[in-house]
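The chain contents come next:
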Amino acid sequence: MIARTVTLFMLLAAMIPPAWGLNGSRLLSHTVSGQTLQFDLGYENGGVRIGDFGVIIKEVKDPNVRDLRLVPVGKAKNIKLNANDSVWVLYKTIDRSLLKVGEKYLLFTESALLYGKRDLRLGKITVVTDEEKAAYAAQNTLTDDKDRIAKLKETYPEAEPLHGSEARSDNDVDLVEVEAWNKVKDSKHRTSLYKSPYKSDFQRQLRLETFEKMVTAYLKKVNDPNFNYDAFYDDQMKTEFSNEFRKKSAVANEYQDFLSVQGQKASSDAKLYRAILEKGDSWSEDFSDEELRSVLREVSILQERDRRKFIVANPNPYAFHFDYGMALNDEQTDSDVGHRRGTRFAVELELEATPFVNHPTLERITLHGSFRANRNAFAAGSFNADLNELSLGVGVNWYPIYAPHVVEAPSIFIGTYMRSGWASVAAPTFGEEGNYTVLSIPGIRTGMRYNFQNDFGLRILASFEVLTLDQYESTKIVGILPQQKRLTEGKISFGLVYSF
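Summarised in this report is the structure supplied together with it. Sequence order as written defines residue numbering, which begins from 1 separately in each chain. Predicted model: local features are reported for residues with pLDDT of at least 70 only, side-chain atom pairs are reported and counted for 80 or more only, and whole-chain, interface and lining totals are derived from all residues. Only hydrogens and water are removed before side-chain values are computed, so all heavy atoms of the structure are retained for them.

### Quick word on the side chain of K491
- The secondary structure listing takes helices from DSSP runs of H or I that are at least 4 residues long and strands from runs of E that are at least 2 residues long, numbered from the N terminus. Mapping K491 onto the fold places it in strand 17 (residues 484–499).
- When its relative accessible area of 4% is taken as the criterion, K491 is described as buried.
- One polar contact links K491 to N374, side chain to side chain, over a distance of 3.4 Å.
- Under the rule applied, a polar contact is a pair of N or O atoms within 3.5 Å (in protein, one hydrogen donor and one hydrogen acceptor; residues adjacent in sequence only if both atoms are side-chain atoms). A polar contact of 3.1 Å, which involves the side chain of K491, links it to the side chain of E489.
- The residues touching K491, leaving out its near neighbours within four places in the chain, are M326, A327, L328, A346, R372, N374, N376, L461, A462 and S463. Each residue is assigned to one of three classes by its accessible area relative to the maximum for its type, calculated with a 1.4 Å probe on protein chains only: buried under 20%, partly exposed between the two thresholds, exposed over 50%. The contact definition used throughout considers only heavy atoms, calling two residues in contact when any of these lie within 4.5 Å.

See below:
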C-alpha cells in the first residue's frame, strides 16, 4: 500500500512541471548595459534549470484587445540559479526599451516547455564509395535506395501495391558521412569527403530550434486578431466524467477544414492584390490570355467581396423612404348612400437618421421626420365627409434584433411618433366644407426593413394613431361638420428605401 502511494505521488509530481512552460516573472534588476538580467524565478518557484535557454516576452495590450498583445523582448541564457531568483544573459536583443525593473514579463524556458519530450535517437551512417559516385551514393542512402527495385523491374513482375513505401529504422534521424576510397600504391584507405556534426551538437541545435518554433507558434496564435482566450479554453475543456479527455475532438471537422481553406484563400488573395499594387499596369504581362481571363474574373470577385465588406464596415447613417399606405379601418356611415369614398390611401416621404452609428447599443435607435399626404373619410352625423390632410411627423424607432443599416437581414423595428398639420374636410351630399388643424400624439408603429447591397431596400410597416381635428374655418355657420373630431387611423404601408 505504501509503495503504491509513493508511486502515485511520484507520478503526480512528474505531471506538475509542464505547467511551468509559461512563467510569469518580475524583473528584479539589470546591469547598466542591460545585457545581464535578474528575474524572480528559481528552481523552487519557476522550474528553471541551470544553463536554460529562454525567451522573454512582454504583454503590451490586454488579451481582449484585437491588436498586437505580446511582443518578444529578447533571447537569453541562464548563467546563475538560486532558489527564488536567477540571472540571465541576453544573447539577442529585440527591443531593449521594454526592459524596465519592477515590471512583469513572460519567460519561456527550454527545459519547462520541452518537459517530457524525448530527445531524438540519432544514428550514424558512413557511405564509402568512389569519389565520382559520392553524391549519387549519398542520395540513395537518404532515400533508402528506393530506386533499387526500379532498376531491376524487368526481373521482378509488377503487382498491385498494398500500401505506400515505408522506411523503417530504430533511429529517428540518421546522420550521413561520405568517404571515398583512395589508392596509394597497392593499398586502399578511406578519405573523408563529408563529415556530419557531432550527435550531441546536432541534438542540441535541433532541440533549440524546436523550442523557438513552439514559442513562435504561441506568439502567432495569441497575436491573431481573431484569437479569444474564452474560445481557446473552451476548446481545451475536459469531459465531466474524466479530466483526461477533451470534450471537443482534436481532429478537425469539416467546418474547421472549411475555415482553414478560407483562411488560405484569403492569404492567396492578399498576395494577388499585393502583386497588382507593386507592379502597376504591367502586372499582367506574364499571363497568357486564358490565365489573364481567369485572374480578371478572380479580381472582380475580390473587388465585389471587398465592396460588401466596406458596406458592412462603413454603414450608411441615413435612409430615405417612400411609402404607400392603405387604410385598415373605415369610419364612414352606410346611411349616406349618395356618397362614400372608396379610395383611401396615404403617400409619405420620410428621412431616417442613425445618430450613433457603430455604437454597440445606441446604433439601434433612429430618429425620423416625414411629410404625408393623406386621403381618408369619416362619418359626420348621417353624412360622409372626405378628408384631405397634409402633415409633418417626427418620431423615434428602435431596432431590437438587427441595426437599421445591416445588409441582407430583416431589421425589425418598433417606434412612436407625433404628427401635426392641416386638413380640408368636405361633405358633398350636404354641400359643406371646412378647414381643420391636425394633431396626433402619440402614434405607434412597427415593421421590418430589408437593405440590399446596392443601397436600396424595402420596408413594410403597420401604424396606429388617433388624429385630433379642430375646425377653424367653415362654409356654413350652422352645418353638420363637427367642431372637433377624433379620427382613429390604422394603416399598413409598403415602401422603397434608399440608404446613403
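### Considering the sheet that holds strand 17
- Around the barrel, eight strands lie side by side as 10-11-12-13-14-15-16-17; this closed barrel has antiparallel pairing. In this sheet, neighbouring strand axes are inclined to one another by 25 degrees on average, regardless of whether the strands run parallel or antiparallel.
- Each pair of strands is called paired provided DSSP finds at least two bridges between the two strands. Here 15 bridges tie strand 16 (residues 456–474) to strand 17, and the two strands are oriented antiparallel to one another. Bridging from a neighbouring strand, I460 pairs with F494 of strand 17. For helices, the axis comes from a line fit to the C-alpha atoms of the stretch in contact; other axes are also lines fit to C-alpha atoms, and the angle between any two N-to-C directions lies between 0 and 180 degrees.

### Some words on the packing of aromatic side chains
- Ring pairs are drawn from Phe, Tyr and Trp, using the six-membered ring of Trp, whenever the two centres fall within 6.5 Å, and their geometry is named by plane angle: stacked under 30 degrees, edge-to-face over 60, tilted for the rest. Scanning all chains against the criterion turns up 10 aromatic pairs.
- Note on F456 and Y498: the rings are 5.0 Å apart at their centroids and 55 degrees apart in plane angle, and the pair reads as tilted. Within this pair, whereas F456 is found in strand 16, its partner Y498 is found in strand 17, the two being separated by 42 residues in sequence.
- The exposure class of Y498 is partly exposed, given its relative accessible area of 35%.
- Aromatic side chains Y498 and F500 sit 6.2 Å apart centroid to centroid with 20 degrees between the ring planes, which places their arrangement in the stacked category.
- Under the relative-accessibility criterion, F500 is labelled partly exposed at 42%.
- The rings of Y318, F456, Y498 and F500 are connected pair by pair, giving a single aromatic cluster.
- Any Lys NZ or Arg CZ found within 6 Å of a ring centre and within 35 degrees of that ring's normal is scored as a charge over the ring. Here the guanidinium or amino end of K58 rests over the ring plane of Y105, the centre of that ring lying 4.9 Å away.

### Things to note about the nonpolar core
- Think of a nonpolar core as a cluster: buried Ala, Val, Leu, Ile, Met, Phe, Trp, Tyr and Cys residues, connected wherever their side-chain atoms sit within 4.5 Å. The biggest cluster of nonpolar side chains holds 16 residues, and the ones touching the most others in it are L37, F39, I56, L99 and Y105.
- Those elements that provide at least two residues to this core are strand 2 (36–39), strand 4 (70–81), strand 5 (86–93) and strand 6 (104–109).
- Per-element tally for this core: the top contributor is strand 4, with four residues.
- Not counting residues within four places of it along the chain, the set of residues in contact with L37 comprises L27, S29, H30, I56, S86, V87, W88, L90 and L99.
- Ranked by size, the runner-up nonpolar core spans 13 residues in total, among them A380, A423, A427 and L469.

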